[in-house]
Amino acid sequence: MRIFGPNELKADVQDKGLCVGCGACVNLCPYFKNHQGKTVMLFPCTLEKGRCHAYCPKTEVDYTELSQARWKRPYDASPLGTHDGVVMARAGEGRVEGRVQAGGTVSALTAFALREGMIEEAVLTNREGLVPVPQMVGDETGIYGCATSKYTAAPTLSEVNRAAREGIRNVGVVATPCQATALALMRENPLDREDFVDPVSLVIGLFCTWALDTRKLIPFLESRVDVSRIQWMDIPPPPAEVFVLDLGNEEIQIPLDEIRALVPRGCLLCPDMTSEWADVSVGVLEGEPEWNTLIVRTEKGRALVDKAVEAGSIVVKEMPAANLEHLRTAALNKKKRAVARAREENLLNNTDEGERAAFRMDPSVVEELTGS
Amino acid sequence: MSHLLTDEPGSRILLMGNEAIARGALEAGVNVAAGYPGTPSSEIIETLSKVARDRGLYVEWSANEKVAMEVAAAASFAGLRSLCVMKQNGVNVGSDFLLHLGLTGTRGGMVLVPCDDPGALSSINEGESRQFARLLELPLLEPGDFQELKDMIVWAFQLSEEIRNLVFVRSVTRLSHASGNVVLGPLPGETRKARFKHRGFILDEMEGVVASMPMEYRHRRQQEKLKQAVERFESSPFNTYTGPEHPELVVITSSACHLYSREAIHLLGVEDRVGLLKLGTTFPLPPVFMEKHLGLTDRFLVVEEVIPFLEENVKILAQELAPRIGPKTIMGKRDGRLPTVGELNPDLVVEALASLVEVPYESAPEAYVKRGQELMFFGAPNRELTFCPGCPHRASFWSIHNALELDGRDGFVCGDIGCYTLAVLPTGFSTLKTLHAMGSGTGVASGFGKLGRFGMDQPVVSVCGDSTFFHAAMPALINAIHHGSDITMVVLDNSGTAMTGFQPHPGLDVDALGHKAPAISIEDVCRSLGAQVRVCDPFDLETTQATLLELLDRAGVKVLILRQICGLSPEKKRHKKYEVAVNPEVCLGEACGCNRLCTRIFRCPGLIWDKRAGKARVDEVICTGCGVCASICPEGAIEKVENREVTG
Ligand SMILES: Cc1cc2nc3c(=O)[nH]c(=O)nc-3n(C[C@H](O)[C@H](O)[C@H](O)COP(=O)(O)OP(=O)(O)OC[C@H]3O[C@@H](n4cnc5c(N)ncnc54)[C@H](O)[C@@H]3O)c2cc1C
Ligand code: SF4
Ligand code: SF4
Ligand code: SF4
Ligand code: SF4
């Protein structure tokens with residue numbers, strides 16, 4: 001892994017508009033802060049190597065190395081990443097408090113992990129108005145208070161950094177794919193610090209095709225609706241092609257084409273749709289709005305899911321073959337788009353002196369993904 | 001009793017230049033003095049306020065220079081003698097009034113003392129007030145030493161009453177702020193009675209209406225008065241020639257430059273070849289006196305600060321006199337022999353003179369000169385200009401800077417003149433982006449705040465001090481509110497005119513004489529004008545920053561008052577609120593996670609970097625105990641303990 005410092009982070013990620021505000025560089029030090037979804041550098045820091053750069057999922061992510069470290073095998077760009085099963089899932093009957101996004105699997109699993117003592121705290125994402133705000137919660141009320149998707153890129157990981165500084169351990173995190181990537185990088189202790197302690201004991205990943213820029217979404221929606229009335233939002237799976245806003249007594253649909261301009265550029269370089277570095281990953285399920293897709297990846301993830309099923313916290317069913325095929329295609333397409341774009345922007349596998357890459361993959365993998 | 005009241009005519013005492021001016025005013029029997037604080041002029045009003053009770057004077061720090069002129073003029077209209085004092089650019093502020101005052105004329109003697117600051121030793125400009133004398137057609141005197149500072153004030157009052165118009169007496173930093181021996185004159189016994197007479201014939205200058213109309217008549221009268229002044233200048237004791245009867249060259253000079261010129265002639269040892277014409281009455285120049293001395297030789301070097309004011313006036317006169325005295329070569333600034341920016345010094349004069357009289361002279365080596373320039377720029381060796389330890393401005397600009405960065409819309413701050421001007425430099429995190437006259441920050445911001453329709457989406461912030469608020473920022477604020485401009489005005493209220501030494505202003509409950517006075521509340525003024533107003537303690541960084549972020553998001557005119565007494569104020573100097581220390585066990589130093597935020601970025605002089613230990617440290621001698629750095633340290637390594645004992 002090539003690690004640089006804050007100046008490179010600012011130049012390569014923030015100044016190029018590739019930052020997705022994940023929060024991995026925030027709260028490590030006094031320099032990087034996130035305000036209303038945007039990460040900024042308050043003052044220059046002169047260090048040549050920093051955790052900020054090392055943790056950022058948008059610069060110098062070496063998928064080969066990361067895969068070796070985490071899965072003990074090379075990165076092969078398989079559509080859904082390393083996993084141990086895909087099922088359809090939802091929260092057990094009567095287990096949901098208040099509104100969830102789809103099947104409520106994420107909240108149910110989080111609550112179960114907390115109850116079972118697998119985690120002591122959960123770092124989730126709430127919202128104030130339309131601004132996503134990280135929140136550390138320690139009970140079910142807190143978990144359900146953070147349920148439902150905020151489609152804006154969120155600085156969730158800043159709260160993980162804060163927890164780590166304060167000596168909090170055994171944290172569960174619900175993370176989008178870029179956040180899960182940053183967590184994977186973070187957990188490798190890339191700077192070999194002696195004082196490093198991994199505060200995270202469980203990562204529940206979310207699927208994500210892209211998120212929206214908070215600073216752009218707010219004025220966009222403010223010019224169309226009374227944003228204080230928004231109770232829930234959704235991007236139903238294809239072929240819907242709409243952004244849905246539930247205003248309580250009416251539902252508004254905005255064509256996705258109008259929304260796409262609000263996607264941060266960094267999302268277009270993201271090759272991961274299913275949070276490949278998480279313990280389990282959860283998304284929606286085509287045609288079944290009350291269910292989720294659930295991918296189990298690690299032993300820990302397997303234990304969590306099995307126990308949760310046993311306890312009735314979640315219900316699982318076999319995944320229909322057609323859905324699985326669609327999921328693979330969608331995930332593979334995201335990889336192809338990201339690699340093509342990275343290459344186009346000269347941000348892939350750069351080796352020249354002074355040139356840096358957004359991410360690195362084995363040339364054979366690149367070849368497979370680009371067909372050249 | 002103040003030494004200024006020594007009533008022993010003929011005795012010699014050591015006075016600071018500004019005290020000599022004050023003494024001159026006392027000897028002239030001044031009744032009213034008004035001014036606005038500004039270095040290098042402030043001590044004049046301060047000195048007079050101390051003896052005000054003894055001498056039965058009325059002294060005030062006015063809200064701004066224009067008001068000070070108006071207050072002093074009123075005294076003159078009522079037949080009293082009045083003095084008006086300010087720094088160079090103060091004359092600009094009041095010049096509109098002076099334009100009219102020149103036309104209406106004065107009654108009791110009125111003298112205006114602008115203290116110029118060549119080289120901008122304590123200013124952000126080196127503007128010349130001398131130009132105003134020419135522009136406004138009023139007589140100008142320039143004292144050349146400490147004795148003259150006093151004597152010319154007395155003389156100026158007499159002149160003012162003879163011609164019934166305002167007289168300028170221009171001082172400069174090097175005279176106002178240095179000290180010298182002065183032979184005292186008598187202090188007058190009786191004081192005048194004030195009465196404004198206004199029932200006389202309209203054109204009666206002593207009893208009629210005081211107005212600039214009819215314009216043509218008044219303007220002609222003003223020019224007649226100026227001619228009258230010139231007649232008096234012909235025999236003025238303040239214009240002197242020293243040197244040989246047939247000099248090869250004559251140096252023409254005024255003010256502090258007269259001292260440099262004399263030293264230069266001496267250093268070169270050319271007393272028998274070069275004459276020195278020292279002028280005290282520099283506008284208008286007395287033609288008969290000048291003809292006599294321009295006739296002494298053919299070559300002249302004019303030595304003055306800053307721009308070639310005297311040089312041009314001499315050239316005009318020489319041209320007019322040419323048919324009688326022949327062509328003259330007049331050198332100085334226009335031919336590049338002497339610089340037209342910055343202060344002069346004996347060395348510069350020696351250099352210019354040496355080539356003219358062909359005396360070899362080893363001037364200072366280049367490296368020395370370069371170092372000197374660096375020192376001029378940075379103030380002192382290896383020390384940058386910085387806010388004092390415990391200065392509330394550092395905390396305020398920390399929050400303003402951070403709020404603007406977090407806001408992330410490329411916002412900026414428009415500022416003006418005060419200690420906070422330093423915020424253009426790293427000590428204020430380079431937060432100030434425009435910098436002009438008093439109150440201009442808010443005026444400029446008011447303009448920026450209307451450019452939304454042209455696509456400007458940057459947040460606009462202005463800053464001004466509490467004194468500046470009353471001085472000139474209020475009209476700008478009113479303008480912004482009336483025109484629906486989108487700005488956030490931050491009033492840096494350190495409760496006094498700190499930069500110039502804690503003179504009171506209308507926001508405080510005390511006046512120049514130390515009497516209780518009604519304080520004008522800045523927040524009440526802003527609220528009643530219709531601004532959204534918040535007040536914070538800048539030492540509470542978190543609240544200040546959150547408040548700013550909230551205000552930046554709102555439309556319209558918002559005012560944030562950041563109130564915290566200046567760290568150097570007498571009440572604070574006595575008491576350290578916190579004992580502050582760095583816990584070396586916790587301090588991260590240069591490691592990732594801090595990288596010396598306190599000594600590299602925040603940089604209060606009370607914090608020092610212990611290179612050997614790789615840790616930060618607090619210098620207890622310098623630290624004022626404000627405790628702010630404890631809230632910036634990301635590790636909580638800076639610990640503060642509240643001091644229990646309270647003095648006062
Ligand atoms: C930005 C974004 C894009 C997504 N895109 C897709 C997609 O393309 N395809 C797909 O199948 N699924 C997508 N999802 C996932 C989907 O919306 C649901 O979150 C997921 O199916 C889980 O549903 P649930 O009912 O179990 O969630 P819930 O039980 O309601 O729990 C939702 C969880 O998501 C977390 N969360 C909410 N917003 C964010 C955020 N911005 N960042 C991090 N965590 C957040 C909350 O903390 C909460 O724990 C996306 C989610 C997000 C946040
Ligand atoms: S190198 Fe460390 S201290 Fe510097 S900005 Fe990055 S995280 Fe902060
Ligand atoms: S993507 Fe995340 S880690 Fe990278 S710069 Fe942005 S907020 Fe920081
Ligand atoms: S800011 Fe705190 S941790 Fe950093 S150098 Fe200063 S005292 Fe040490
Ligand atoms: S407490 Fe800290 S910021 Fe305040 S004066 Fe002392 S060293 Fe400076």
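**Considerations on the site of ligand 1**
Residue and element names in this part refer to chain A.
Next, step 1: Close contacts around ligand 1 come from 32 residues, with Ala102, Ser107, Ser149, Lys150 and Thr209 the closest.
Next, step 2: The separation between an oxygen atom of ligand 1 and a polar main-chain atom of Ala102 is 2.6 Å.
Next, step 3: Between ligand 1 and Thr209, the relevant distance is 2.6 Å, taken from an oxygen atom to a side-chain nitrogen or oxygen of the residue.
Next, step 4: Burial of ligand 1 by the protein chains amounts to 95% of its free accessible area of 900 Å².
Next, step 5: Those elements giving two or more residues to the shell around ligand 1 turn out to be α4 (105–115), β5 (121–128) and β12 (280–284).

**Description of the interface of chain B and chain A**
Next, step 1: Counting from both sides, the interface comprises 22 residues of chain B and, opposite them, 21 residues of chain A.
Next, step 2: Carbon and sulfur atoms make up 57% of the area that chain B and chain A hide from each other, which totals about 1,700 Å².
Next, step 3: Its largest share of buried area at the contact with chain A, chain B owes to Leu406(B), Cys592(B) and Asn595(B), together 34% of the area lost on that side.
Next, step 4: The tally of links between chain B and chain A comes to one salt bridge.
Next, step 5: Seen at the junction of chain B and chain A, the total is 13 residue pairs in polar contact (both at pLDDT 80 or more).
Next, step 6: Among the secondary structure elements, those contributing two or more residues to the side of chain B that touches chain A are α14 (392–407) and α20 (597–602) of chain B.
Next, step 7: Of the residues forming the side of chain B that touches chain A, the biggest block, six residues, is contributed by α14(B).
Next, step 8: Residue classes in the side of chain B that touches chain A are distributed as ten nonpolar, five polar and seven charged.

**Quick notes on the site of ligand 5**
Next, step 1: Gly390(B), Val580(B), Phe602(B), Cys604(B), Gly606(B), Leu607(B), Cys623(B), Thr624(B), Gly625(B), Cys626(B), Gly627(B) and Cys629(B) make up every residue found near ligand 5.
Next, step 2: Residue composition of the shell around ligand 5, grouped by class: seven nonpolar, five polar and no charged.

**Side note on the environment of Ser281(A)**
Residues and elements named next belong to chain A.
Next, step 1: The residue Ser281 is located in strand β12 in this model.
Next, step 2: What makes Ser281 buried here is its relative accessible area of 0%.
Next, step 3: In this structure the C-alpha to C-alpha distance between Ser281 and Ala240, which are 41 residues apart in sequence, comes to 22 Å.
Next, step 4: Setting aside chain neighbours within four positions, we find Ser281 in contact with Gly205, Phe207, Thr274, Ser275, Thr293, Leu294, Ile295 and Arg297.
Next, step 5: A distance of 3.0 Å separates a polar side-chain atom of Ser281 from the backbone oxygen of Ser275.

**Considerations on the domain arrangement of chain B**
Where interface size is given, it is often the accessible area lost as the parts come together that is meant.
Residue and element names in this part refer to chain B.
Next, step 1: Segmentation of chain B into domains returns domain 1 (3–233), domain 2 (242–357), domain 3 (392–563) and domain 4 (578–647).
Next, step 2: Placing a centre on the C-alpha atoms of domain 3 and another on those of domain 4 gives a separation of 28 Å.
Next, step 3: Together, the buried faces of domain 3 and domain 4 total about 740 Å²; carbon and sulfur atoms form 74% of this surface.
Next, step 4: On the domain 3 side of the interface with domain 4, the three residues burying the most area are Arg394, Trp398 and Phe539, jointly 63% of the side's total.
Next, step 5: Joining domain 3 to domain 4, the criterion identifies zero salt bridges.

**As for the packing of helix α9 (residues 257–268) of chain B against helix α12 (residues 346–357) of chain B**
Residue and element names in this part refer to chain B.
Next, step 1: At a minimum axis distance of 8 Å, the contact between α9 and α12 shows a crossing angle of 50°. One finds that α9 runs oblique with respect to α12. Considering how the two elements wind past one another, α9 and α12 form a crossing that is right-handed. Facing α9, whose interface residues are Tyr260, Ser261, Glu263, Ala264, Ile265, Leu267 and Leu268, α12 presents Pro346, Val349, Val350, Leu353, Ala354 and Val357.
Next, step 2: In terms of residue class, the contact of α9 with α12 is made up of eleven nonpolar, one polar and one charged.

**Considering the domain arrangement of chain A**
Residues and elements named next belong to chain A.
Next, step 1: The assigned domain composition of chain A is domain 1 (6–213 + 263–370) and domain 2 (214–262).
Next, step 2: Each of domain 1 and domain 2 has a C-alpha centre, and these two points are 23 Å apart.
Next, step 3: Across the contact, 25 residues belong to domain 1 and 22 residues belong to domain 2.
Next, step 4: Summed over both sides, the interface of domain 1 with domain 2 buries roughly 2,100 Å², with 59% coming from carbon and sulfur.
Next, step 5: Considering only the side of domain 1, the residues that lose the most area to domain 2 are Leu130, Tyr151 and Asp213, jointly responsible for 32% of the buried surface there.
Next, step 6: Our count for the domain 1 to domain 2 interface comes out at one salt bridge.
Next, step 7: The partner of Arg99 in a salt bridge is Asp246, with the nearest N and O atoms 2.9 Å apart.
Next, step 8: Counting every contact that joins domain 1 to domain 2 gives 15 residue pairs in polar contact (both at pLDDT 80 or more).

Parameters at a glance
- Residues numbered from 1 in each chain as written.
- Chains lettered and ligands numbered in written order.
- Predicted model: local features only at pLDDT ≥ 70, side-chain atom pairs only at ≥ 80, totals over all residues.
- Heavy atoms only, no water.
- Near = heavy atom within 4 Å.
- Polar contact = N/O pair within 3.5 Å; in protein donor to acceptor, adjacent residues only side chain to side chain.
- Areas by Shrake-Rupley, 256 points an atom, 1.4 Å probe, with all protein chains shown as cover.
- Helix = DSSP H or I, 4+ residues; strand = E, 2+ residues; numbered from the N terminus.
- Contact = heavy atoms within 4.5 Å.
- Buried area = accessible area lost by both parts, 1.4 Å probe.
- Salt bridge = Lys/Arg side-chain N within 4 Å of Asp/Glu carboxyl O.
- Nonpolar A, V, L, I, M, F, W, Y, C, P; charged D, E, K, R; others polar.
- Buried < 20%, exposed > 50% of the residue type's maximum accessible area, 1.4 Å probe, protein only.
- Domains from an automatic or database assignment.
- Axes fitted to C-alpha atoms, helices over the stretch in contact; angles between N-to-C directions.
- Parallel < 35°, antiparallel > 145°, perpendicular 65-115°, else oblique.
- Left-handed = near helix turned anticlockwise from the far one by under 90°.

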